[in-house]
Amino acid sequence: MANSGHDLLKGKKGVIFGALNESSIAWSIAEAIHREGGRFVLSNAPVAQRLGGLDKLAEKTDSEIIWADATDDDALKELFGSVKSSLGGVDFIVHSIGMGLNVRKNRGYQELNYDWYHKTLDISAISLHRIVRQALETGALNDGASVVALTYIGAQRIFSKYSEMGDAKALLESIARSFGSRLGKQGIRINTISQSPTRTTAGSGIAGFDSMFDFADHLSPLGNADAESCADYTVSLLSDLTRMVTMQNLYHDGGFSSMGFTDDLVDALKNAFGA
Ligand SMILES: NC(=O)c1ccc[n+]([C@@H]2O[C@H](COP(=O)([O-])OP(=O)(O)OC[C@H]3O[C@@H](n4cnc5c(N)ncnc54)[C@H](O)[C@@H]3O)[C@@H](O)[C@H]2O)c1
C-alpha cells in the first residue's frame, strides 16, 4: 500500500458512489484519491444514512456528502447540478455500487423473483448508465474525464452462488463499453475493474463467500487483491497516466483470471476425495 501520495490526481474533482463503511472498496478508493490530491463529493443511497459511518470519511477527506439513490434519475440530476456549482464539473466518477436481492434472500437462479431481479440489475448495472447520463445532461462531466466501475469475474465465468449478480456485472461491463465508444470524442473514458473477492458488506452478503474467497486466494499467484491495492489501481485509471485506456474490463485479481489449476489444488482434491 502506498503511504504517501504523488499528487497523481492533483487538481482533479469527482464523485465517489458506494462508500458505506471502512470495509467498503469505495472507502479505500476515497482515501487513496484524497492522498493523491483529488477532491470529491461522496454519495450513497439515503437508506445508508442511518447506518452511519460516512460522516467520518467525509471529515477525514474534507468532502461533502450528497445522498442519492442511484436508481433515481431526479436525485442524480440534483446531485450533479449541485456538484457542478460546488466543484465546477467533474474529472472522475467512481461507481462502486452493487446489490443482489435474490442472492441476499437466498433465492436460487432457477427460481428468481423477477421484481427483485429487475431491482438487482437497476442498482448494480443500469445505475452506471443513469449516473453517466445525468452527469452529461447536467453538463457536469468534463471533457477528458475518467469513469471507473467495480465488477467481478462472475460476469465471464460461472460461480454458482454469484447467481443473478453475474448477469448484472455482464450488463455493467457492457454499459461501460457502449458508453465508452460514444464518449471517446470528448476524451471521456470508461473502464471496469474486475476485483478479487474482498471482505465487505456486499461481499459477505453472498452465501458461500468464504469459499469463493479462499479458492481465489489459493489459485491466484499473488493471492487475492485487497481493497487498498484496488484503490491504488483505481487512482492509476483516474490519472492522466492511463489517458488512452477506455472500454476495458481490467482484472485486478492477483492473476486469478489467467489461472486454471495448480498442483496444490490437485493434491487438496485428491485428499478430499481420497484418491
Ligand atoms: N466485495 C467483493 O468481493 C467484490 C468483488 C468484486 C467486485 N465488487 C464490487 O465492488 C463494488 C463495491 O462493493 P463492496 O464490496 O465495497 O461492498 P459495499 O457493501 O461496501 O458497497 C456497495 C455499496 O452499494 C451501495 N448501494 C446499494 N444500493 C444502492 C442504491 N440504490 N443507490 C446508491 N448506492 C447503493 C451500498 O450502500 C454500498 O455502499 C460493488 O459493485 C461490488 O459488486 C465487490
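Placed above this text is the structure.
These figures come from a predicted structure and were not determined experimentally. (Residues numbered from 1 in each chain as written. Predicted model: local features only at pLDDT ≥ 70, side-chain atom pairs only at ≥ 80, totals over all residues.)

## Some details on the environment of Gly108
Here comes step 1: Among the secondary structure elements, Gly108 is positioned in the loop between helix 4 (101-104) and helix 5 (114-137).
Here comes step 2: Assessed through the 12 C-beta atoms surrounding it within 10 Å, Gly108 is described here as exposed.
Here comes step 3: Separated by 52 residues in sequence, Gly108 and Ser160 place their C-alpha atoms 9.2 Å apart. (Helix = DSSP H or I, 4+ residues; strand = E, 2+ residues; numbered from the N terminus. Buried ≥ 20, exposed ≤ 12 C-beta atoms within 10 Å, placed from the backbone.)

## Comments concerning the packing of helix 5 against helix 6 (residues 164-183)
Here comes step 1: It is the contact of helix 5 with helix 6, at a shortest axis distance of 9 Å, that shows an interaxial angle of 15 degrees. Overall, the two elements helix 5 and helix 6 adopt an arrangement that is roughly parallel. Between helix 5 and helix 6 lies a crossing of right-handed hand. Here helix 5 contributes Tyr117, Thr120, Leu121, Ser124, Ala125, Leu128, His129 and Val132 to the contact with helix 6, which in turn contributes Glu164, Met165, Ala168, Leu171, Leu172, Ile175, Ala176 and Phe179. (Axes fitted to C-alpha atoms, helices over the stretch in contact; angles between N-to-C directions. Parallel < 35°, antiparallel > 145°, perpendicular 65-115°, else oblique. Left-handed = near helix turned anticlockwise from the far one by under 90°. Contact = placed C-beta atoms within 7 Å.)

## Structural notes on the site of the ligand
Here comes step 1: Neighbouring the ligand are 26 residues; Ser24, Gly98, Thr200, Ala202 and Gly203 lie closest to it.
Here comes step 2: Residue assignment for the shell around the ligand shows that the elements contributing at least two residues are helix 1 (25-35), strand 5 (141-151) and helix 7 (201-204).
Here comes step 3: Looking at the shell around the ligand element by element, the count peaks at three residues for helix 7.
Here comes step 4: In the shell around the ligand, the residues fall into 13 nonpolar, 12 polar and one charged. (Near = placed C-beta within 6 Å. Nonpolar A, V, L, I, M, F, W, Y, C, P; charged D, E, K, R; others polar.)

## Here we look at the pairing of strand 4 (residues 90-95)
Here comes step 1: Buried residues dominate strand 4, accounting for six of its six residues.
Here comes step 2: Relative to strand 4, strand 1 (residues 13-17) runs parallel, the two sharing four bridges. Bridge pairing in strand 4 links Phe17 to His95.
Here comes step 3: Where strand 4 meets strand 5, five bridges bridge the pair, whose relative direction is parallel. Within strand 5, the residue paired with His95 across the bridge is Ala149. (Pairing = 2+ DSSP bridges.)

## A few points about helix 9 (residues 227-238)
Here comes step 1: Between its terminal C-alpha atoms helix 9 stretches 16 Å, which fits the 16 Å expected from 12 residues at 1.5 Å a residue.
Here comes step 2: Taken together, the buried positions of helix 9 are occupied by Ala227, Ser229, Cys230, Ala231, Thr234, Val235, Leu237 and Leu238.
Here comes step 3: Where helix 9 is buried, its residues contact helix 1, strand 4, strand 5, strand 6 (189-195) and strand 7 (249-252). (Expected span 1.5 Å × (residues − 1).)

## Some thoughts on the nonpolar core
Here comes step 1: Residues Ile16, Ala19, Ala26, Ile29, Ala30 and Val90 are the most contacted members of the largest nonpolar core, which totals 65 residues.
Here comes step 2: Apart from residues no more than four positions distant in its own chain, Val90 is found in contact with Lys13, Gly14, Val15, Val83, Ala135, Ala140, Leu141, Asn142 and Ala145. (Core = buried A, V, L, I, M, F, W, Y, C linked by C-beta atoms within 7 Å.)

## Focus: helix 1
Here comes step 1: Judged by how many residues are buried, helix 1 sits mostly within the fold: nine of 11 residues are covered.
Here comes step 2: Among the residues making up helix 1, those that are buried are Ile25, Ala26, Trp27, Ser28, Ile29, Ala30, Ala32, Ile33 and Arg35.
Here comes step 3: The first or second residue beyond helix 1 is Gly37, which carries a positive phi of 90 degrees.

## Describing the environment of Thr138
Here comes step 1: Here Thr138 shows up in the loop between helix 5 and strand 5.
Here comes step 2: Between the C-alpha atom of Thr138 and that of Gly89, which follows or precedes it by 49 residues, the distance is 9.5 Å.
Here comes step 3: For Thr138, the residues in contact, after removing those within four places along its chain, are Lys77, Phe80, Gly81 and Lys84.

## Thoughts on the pairing of strand 6
Here comes step 1: Burial within strand 6 is extensive, with seven of its seven residues counted as buried.
Here comes step 2: Both strand 6 and strand 7 contribute to a ladder of four bridges, which runs parallel. Looking at the pairing, Gln195 lines up with His252 of strand 7.

## Points about the sheet that holds strand 6
Here comes step 1: As summarised here, the arrangement of the seven strands in space is 3-2-1-4-5-6-7, forming an open sheet in which the pairing is parallel. Each edge of the open sheet carries a strand with a single partner, namely strand 3 (64-67) and strand 7. Strand-to-strand twist in this sheet, taken as the mean axis angle between neighbours without regard to direction, amounts to 20 degrees.
Here comes step 2: As defined by bridge partners, strand 2 (residues 39-44) adjoins strand 3 across four bridges and the pair is classed as parallel. Residue pairing for strand 3: Ser43 is matched across the bridge by Ile66.
Here comes step 3: Strand contacts of helix 3 (residues 73-87): strand 1, strand 2, strand 3 and strand 4, with the helix running at about 160 degrees to strand 2, the strand carrying the most contacts.

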